[in-house]
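Residue-level listing of the chains:
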Amino acid sequence: MLTLKYISENKDQLIERLKVRNVDYTATINQILDKDASRKGTQVKLDNCRSQAKAIAKEIGQLFKTGKAAEAGEAKQKAAAFKENEKALNEQLTDIEKELNELLFLVPNVPHKDVPKGKSDADNLELRAEGKMPKLHNKALPHWELAKKYDIIDFELGNKITGAGFPVYKGKGAQLQRALINFFLAEANKAGYTEIMPPLLVNEDSGFGTGQLPDKEGQMYQATEDNLYLIPTAEVPLTNIYRNVILSADDFPIKLTAYTPCFRREAGSYGKDVRGLNRLHQFDKIEIVQVQHPSKSADTLDIMVNHVENLIKKLKLPYRLLRLCGGDLSFTSTLTYDFEVFSAAQEKWLEVSSISNFKTFQANRLKLRFKEKGDKKTQLAHTLNGSALALPRILAALLENYQTPEGIKIPEVLQVYTGFDLID
RNA sequence: GGAGAGGUGUCCGAGUGGUUUAAGGAGCACGCUUGGAAAGCGUGUGUACUCCAAAAGGGUACCGGGGGUUUGAAUCCCUUCCUCUCCGCCA
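Only a predicted model underlies this, so the values are computations on that prediction, with no experimental measurement involved.

## A short note on the confidence of the model for chain A
Any segment with low pLDDT has predicted coordinates that should not be analysed in fine detail.
Right, so step 1: Residue-level pLDDT values for chain A average 92, and 99% of them are 70 or greater.
Right, so step 2: As scored by the predictor, the complex reaches a pTM of 0.93 and an ipTM of 0.87.

In C-alpha cells:
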C-alpha cells in the first residue's frame, strides 16, 4: 500500500496518475486524508491522557510508600477519570486506524509514467515481436491432442485423482517438465540469483505482506484447520523472507530465485481459455525476485526483462513483449511487462511471464526497509519480481510449435537436460 | 499427540506489582590516549507514531502476538504462536 506521507504530499498528482487505471480515486483519497487528520488528533489526546495518568500513578506509589494512604486514595479517584478517558480514546483510535487501513487497502499503486492508457489487455502496448513463426504440417494438432497421442500428459487421470486443472505428466512429459525446471534454474543461477526452496504453504501474515490478502483471498487454496494458504506463486514466500527486515544499503541487490508449484483456484475461469494447459489450478513456475535500492529499481526491471527474453530466445519460441496498459496493470504494480509466446496450433498468444516493479508498495506492507550508511532514518526498499518462467504455457507452445510428422522435437538447449531429442 | 521448561534490546543475560527511567556484560560508533594499533578511559547506541516551520528537544507505544486484572504490569491471569527436553508416532 501507499504511505500516508506520500499520499498527503502528492495528492493531486496521485489522483491524476491513478486515472490511468480508469478509476477516479479522489473521494477515497480525501477520505484517507480526513481520517488521518482525525487519527493524529485522537492520538495526541490519547498520548496526553496517558502521560498524565502515568504521572498520577507514580505519585500514588510515592504516597503509599510514605504511608499517606488517605491522600493516595484521593489520587486514585483522580486516576479513575483518566482511565475512563483513556479507554474511550483508545477505542476511538483503534476504530479510526482500522478504517484508515481499510481505506488504504483500496488504493492501488501509482502507475509509472510510461504506462499506456487503456481499458483491457487489448490496449497493451506491443514493444516488439520476435522469433520465427513455425510452419506446421497439415495434420498439426493442438497440445491437448498431442499430449494424448504421445501419452505425455493425462488430463483425465488428473480429474480422477484431484479434479479439473490438475494434469498428470507422464514419461517424457514428466521428464520434459523437469528439464525445463532445471534449465530455468540454471539460467537464473548464472544470472546471480540465489536459489531458494521455500515452504509451499504460508501463514496469514505472509499473505498480507505481498498483498494476496485481503483482496485475493478467494484465489488461494486454504488449509483452514491450520490457517495456512497454498502459495499462488513463489513471490509470496520469497518476498516474505524480507518481511520486517531492516537492510543496509550495501546489501543491495538481493536476488532470489525459486522453483515451486503454484496453486490457484482461478474462480470464475471457463471456456476455451482453460483448455489443456492454458489455465491450471496447479502449475510449475520459476520465479525471480529482487530487492533493490530505490535509485536502481528502474534499471533492474529492464535487466529482469532481458533475462526472461533470453530464456524464450534460447527456446526459439516466437514471442512478443508487451507493456501493460493502465486497465490491465495489477493492483500492486507501477510498471509491468508481459511476455507472450505464440502457440502455433491453437494460434494463440499465451502469457508466460509477467515482470513488475512494485517500488515501495509491497515494502510498505512488508515493513522492508533499509538504511543508508551512516544514516539513522530508515527508508522503504523497492521490490520486483517476474516469472522466469511459468511452465505449462511454455510446454504448450513447445509441443505445438515443435511438432513434426515424426514426433515432437526437443529444443537443442533442453536436450542436455532431457537426455532425448524427440517425443514419439 | 502427551508431559515439562522457556521466549527480555544487535547478541549474552539480570529482573515474580512501584527510584526499571529495562541492571550488568559483549558488540558496534565516536572521542581521549598512541608513532600506529591493542588495552584502558569517556560518550553514545532500537523501532513506530506524534508535538515543534525546521533543528534542538519533548510525548506515547513496543520485553513473542492478542486480551484482561490493577491507580500502576517485563513481572499476575486468560488465550494464541514459536523454541527446547523427554515420551509417543513417523518419511
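What follows picks up the thread again.
## Thoughts on the pairing of strand β12 (residues 335-343)
On a regular strand, one side chain projects to one face of the sheet and the next to the other, so that they alternate.
Right, so step 1: When you tally the buried positions in β12, you get nine out of nine residues, the bulk of the element.
Right, so step 2: Across the two faces of β12 the burial is the same, with L335, Y337, F339, V341 and S343 and T336, D338, E340 and F342 all buried.
Right, so step 3: Pairing of strand β11 (residues 319-323) with β12 involves five bridges; the strand directions are antiparallel. Its bridge partner lying in β12, R323 is registered against Y337.
Right, so step 4: Here β12 pairs with strand β13 (residues 348-359) via nine bridges, running antiparallel. Bridge pairing in β13 places S343 opposite K348.

## Some points on the domain arrangement of chain A
Right, so step 1: The domain boundaries assigned to chain A delineate domain 1 (4-104) and domain 2 (121-423).
Right, so step 2: On a C-alpha basis, the centroid separation for the pair domain 1 and domain 2 is 43 Å.

## Looking at the protein's contact with RNA strand B
Right, so step 1: The local shell around RNA strand B holds 20 residues, among which R39, Q43, A57, K371 and T378 are the closest.
Right, so step 2: Restricting the count to atoms of RNA strand B within 4 Å of the protein gives a sugar and phosphate share of 74%.
Right, so step 3: One of the side-chain nitrogen or oxygen atoms of R369 is found 3.1 Å away from a sugar or linking oxygen of RNA strand B.
Right, so step 4: One nitrogen or oxygen atom from the side chain of T378 is found 2.6 Å from a phosphate oxygen belonging to RNA strand B.
Right, so step 5: Elements with a contribution of two residues or more to the surface near RNA strand B: α3 (26-65), α4 (69-106) and β14 (368-371).
Right, so step 6: Element by element, the count of residues in the surface near RNA strand B is highest for α3, at twelve residues.
Right, so step 7: Here the residues of the surface near RNA strand B sort into five nonpolar, four polar and eleven charged.

## Focus on the sheet that holds strand β6 (residues 222-223)
Right, so step 1: Pairing is antiparallel in the open sheet, where three strands are placed in the order β5-β7-β6. Pairing within the sheet leaves two strands with one partner each, and these edge strands are β5 (201-202) and β6.
Right, so step 2: Of the pairings in the sheet, the one linking β5 to strand β7 (residues 228-230) comprises two bridges and is antiparallel in character. When the sheet's bridge partners are listed, V202 is paired in β7 with Y229.

## Observations concerning unusual backbone geometry
Right, so step 1: Residue P214 is bonded to the preceding L213 through a cis peptide linkage, with omega at 0°.
Right, so step 2: Topologically, P214 is positioned in the loop between α8 (204-209) and β6.
Right, so step 3: Note the cis peptide between F252 and P253, where omega equals -5°.
Right, so step 4: Position of P253 among the secondary structure elements: in the loop between β8 (245-248) and β9 (254-263).
Right, so step 5: The backbone of N227 sits at a positive phi, close to 55°, despite the residue not being glycine.
Right, so step 6: With a relative accessible area of 32%, N227 lands in the partly exposed category.

## Notes on the packing of aromatic side chains
Right, so step 1: Within this structure, the stated rule accounts for eight aromatic pairs.
Right, so step 2: Put simply, the rings of F183, F184 and Y417 pair up and form one aromatic cluster.
Right, so step 3: Here K172 stacks its cationic end above the ring of F420, 4.7 Å away from the centre of that ring.
Right, so step 4: Lying across the ring of Y193, K255 places its NZ or CZ 4.9 Å from the centre.

## Some remarks on the nonpolar core
Right, so step 1: Grouped together as the largest cluster of nonpolar side chains are 57 residues, with contacts concentrated most on L180, F184, I312, L317, F339, V341 and I394.
Right, so step 2: Apart from the residues lying within four places of it in its own chain, the contact partners of V341 are I312, L317, P318, Y319, K348, W349, L350, V352, R393, I394 and A397.

## With respect to the packing of α3 against α4
Right, so step 1: Interaxial distance between α3 and α4 falls to 8 Å at its minimum, and their mutual angle equals 160°. In terms of orientation, α3 lies roughly antiparallel with respect to α4. Between α3 and α4 lies a crossing whose hand is left-handed.
Right, so step 2: Split into classes, the residues belonging to the contact of α3 with α4 amount to 19 nonpolar, nine polar and eleven charged.

Rules and cut-offs
Residues numbered from 1 in each chain as written. Chains lettered and ligands numbered in written order. Predicted model: local features only at pLDDT ≥ 70, side-chain atom pairs only at ≥ 80, totals over all residues. Heavy atoms only, no water. pLDDT = per-residue confidence, 0-100. Buried < 20%, exposed > 50% of the residue type's maximum accessible area, 1.4 Å probe, protein only. Helix = DSSP H or I, 4+ residues; strand = E, 2+ residues; numbered from the N terminus. Pairing = 2+ DSSP bridges. Domains from an automatic or database assignment. Near = heavy atom within 4 Å. Polar contact = N/O pair within 3.5 Å; in protein donor to acceptor, adjacent residues only side chain to side chain. Nonpolar A, V, L, I, M, F, W, Y, C, P; charged D, E, K, R; others polar. Phe/Tyr/Trp six-rings, centres within 6.5 Å; stacked < 30°, edge-to-face > 60°. Lys NZ or Arg CZ within 6 Å of the ring centre and 35° of its normal. Core = buried A, V, L, I, M, F, W, Y, C linked by side-chain atoms within 4.5 Å. Contact = heavy atoms within 4.5 Å. Axes fitted to C-alpha atoms, helices over the stretch in contact; angles between N-to-C directions. Parallel < 35°, antiparallel > 145°, perpendicular 65-115°, else oblique. Left-handed = near helix turned anticlockwise from the far one by under 90°.

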